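Next come the chains, spelled out residue by residue.
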Amino acid sequence: GAVVSQHPSRVICKSGTSVKIECRSLDFQATTMFWYRQFPKQSLMLMATSNEGSKATYEQGVEKDKFLINHASLTLSTLTVTSAHPEDSSFYICSARVSGAGNQPQHFGDGTRLSIL
Amino acid sequence: SQELEQSPQSLIVQEGKNLTINCTSSKTLYGLYWYKQKYGEGLIFLMMLQKGGEEKSHEKITAKLDEKKQQSSLHITASQPSHAGIYLCGVRRSNDYKLSFGAGTTVTVRA
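Note that the structure is a prediction, hence the values are computed from the model and not measured.

### Digging into the nonpolar core
Ranked by size, the top nonpolar core spans 24 residues in total, and within it Trp35(A), Phe67(A), Leu79(A), Tyr92(A) and Leu114(A) carry the most contacts. Contributing elements (two or more residues each) for this core: strand S2 (10-13), strand S3 (19-25), strand S4 (32-38), strand S5 (44-51), strand S7 (67-73), strand S8 (76-81), strand S9 (90-96) and strand S11 (112-116) of chain A. Of all hydrophobic cores here, the second largest spans 21 residues; its members include Leu11(B), Leu19(B), Ile61(B) and Cys89(B).

Structure below.
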């Protein structure tokens, strides 16, 4: 149980393109999902908290207009990197919490490797 | 996170040998989570610790949380090639369920 699916796994696109990444909880409902960014050989950096039915909460230094988050249902959150540039190239990974489950772990997707040319 | 230190940064062990990874927080935690990641892939949940002095085991992996809830150790007994990967500790410091992660420990197991 507690499977999180992230799609696509890899994206290569030209500078200026907007890229959408999907994060789905397959067998549970997730009121809250999280989006992280990971640079090579570094740890995960939390970008934002995605809340179903309300606005996302962004961490300090993360541009909300650059990284648009939509959490329209209890099983799907999307991250759109708008007008992506080479510096946005990174490994993006999402996680989800089981709704109402108290102090339970976050379950992670397999990540999306984004390469901007 | 500067408030969270994970050590060692990397280690190489001979197959069959034991290893220990440490995670130290400068502040008291609500919860501590151990994950394993293979490079370029997602995180696999290993164990969660909440109570001071708590200890959990799964197969050959044991994790402990100290009484003050500021330090945890992950111990692998008789390591196997399948134990190779990056081990990350994540800590929860508040009720918002956000996690801060350590820098990770890269484990290599040599046959």
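After presenting the structure, the write-up continues.
### Observations concerning the sheet that holds strand S7 (residues 61-65) of chain B
Residues and elements named next belong to chain B. Sheet architecture is open: 5 strands sit in the order S1-S3-S8-S7-S6, paired in antiparallel fashion. A strand with exactly one partner marks an edge of an open sheet, and here the two such strands are strand S1 (4-7) and strand S6 (55-58). For this sheet, the mean angle separating the axes of adjacent strands, direction not counted, is 15°. As paired strands, strand S3 (residues 19-25) and strand S8 (residues 71-76) are joined by 6 bridges and run antiparallel to one another. Bridge pairing links Cys-23 to Ser-72 in S8.

### Some remarks on the confidence of the model for chain A
Residues of chain A with pLDDT of at least 70 account for 98%, and the chain-wide mean is 93. At the level of individual helices and strands, chain A shows its lowest average pLDDT in S7(A), which scores 92, and its highest in S3(A), which scores 97.

### Remarks on the layout of surface pockets
A volume near 370 Å³ is recorded for the largest pocket. Along its surface, the largest pocket is lined by 19 residues, and Lys41(A), Gln42(A), Tyr39(B), Ile86(B) and Thr106(B) are the ones closest to its centre. Considering every element that reaches the lining of the largest pocket, the biggest residue donor is strand S9 (residues 85-92) of chain B, with 3 residues. Of the residues belonging to the lining of the largest pocket, the class tally is 7 nonpolar, 9 polar and 3 charged.

### So, the interface of chain A and chain B
Facing 22 residues of chain A, the contacting portion of chain B comprises 22 residues. Of the roughly 1700 Å² buried between chain A and chain B on both sides combined, carbon and sulfur atoms contribute 53%. Summed over the shared surface of chain A and chain B, the result is 1 salt bridge. A salt bridge links Lys98(B) to Glu59(A), with the shortest nitrogen-to-oxygen separation between them at 2.9 Å. Put simply, chain A and chain B have 6 residue pairs in polar contact (both at pLDDT 80 or more) between them.

### Quick notes on the sheet that holds S3(A)
All names here are of chain A. Across the sheet, which stays open at both edges, the 4 strands sit in the order S1-S3-S8-S7 with antiparallel pairing between neighbours. The outermost strands of the open sheet, each flanked by one partner alone, are strand S1 (4-7) and S7. Across the sheet, the mean angle from the axis of one strand to that of its neighbour is 15°, orientation sign disregarded.

Conventions adopted
- Residues numbered from 1 in each chain as written.
- Chains lettered and ligands numbered in written order.
- Predicted model: local features only at pLDDT ≥ 70, side-chain atom pairs only at ≥ 80, totals over all residues.
- Heavy atoms only, no water.
- Core = buried A, V, L, I, M, F, W, Y, C linked by side-chain atoms within 4.5 Å.
- Buried < 20%, exposed > 50% of the residue type's maximum accessible area, 1.4 Å probe, protein only.
- Helix = DSSP H or I, 4+ residues; strand = E, 2+ residues; numbered from the N terminus.
- Pairing = 2+ DSSP bridges.
- Axes fitted to C-alpha atoms, helices over the stretch in contact; angles between N-to-C directions.
- pLDDT = per-residue confidence, 0-100.
- 1 Å grid on protein atoms, 1.4 Å probe; cavity = no way out; pocket = protein on both sides within 12 Å on 5 of 7 lines; lining within 4 Å.
- Points joined across faces, edges and corners; volume = space filled by probe spheres on them.
- Nonpolar A, V, L, I, M, F, W, Y, C, P; charged D, E, K, R; others polar.
- Contact = heavy atoms within 4.5 Å.
- Buried area = accessible area lost by both parts, 1.4 Å probe.
- Salt bridge = Lys/Arg side-chain N within 4 Å of Asp/Glu carboxyl O.
- Polar contact = N/O pair within 3.5 Å; in protein donor to acceptor, adjacent residues only side chain to side chain.

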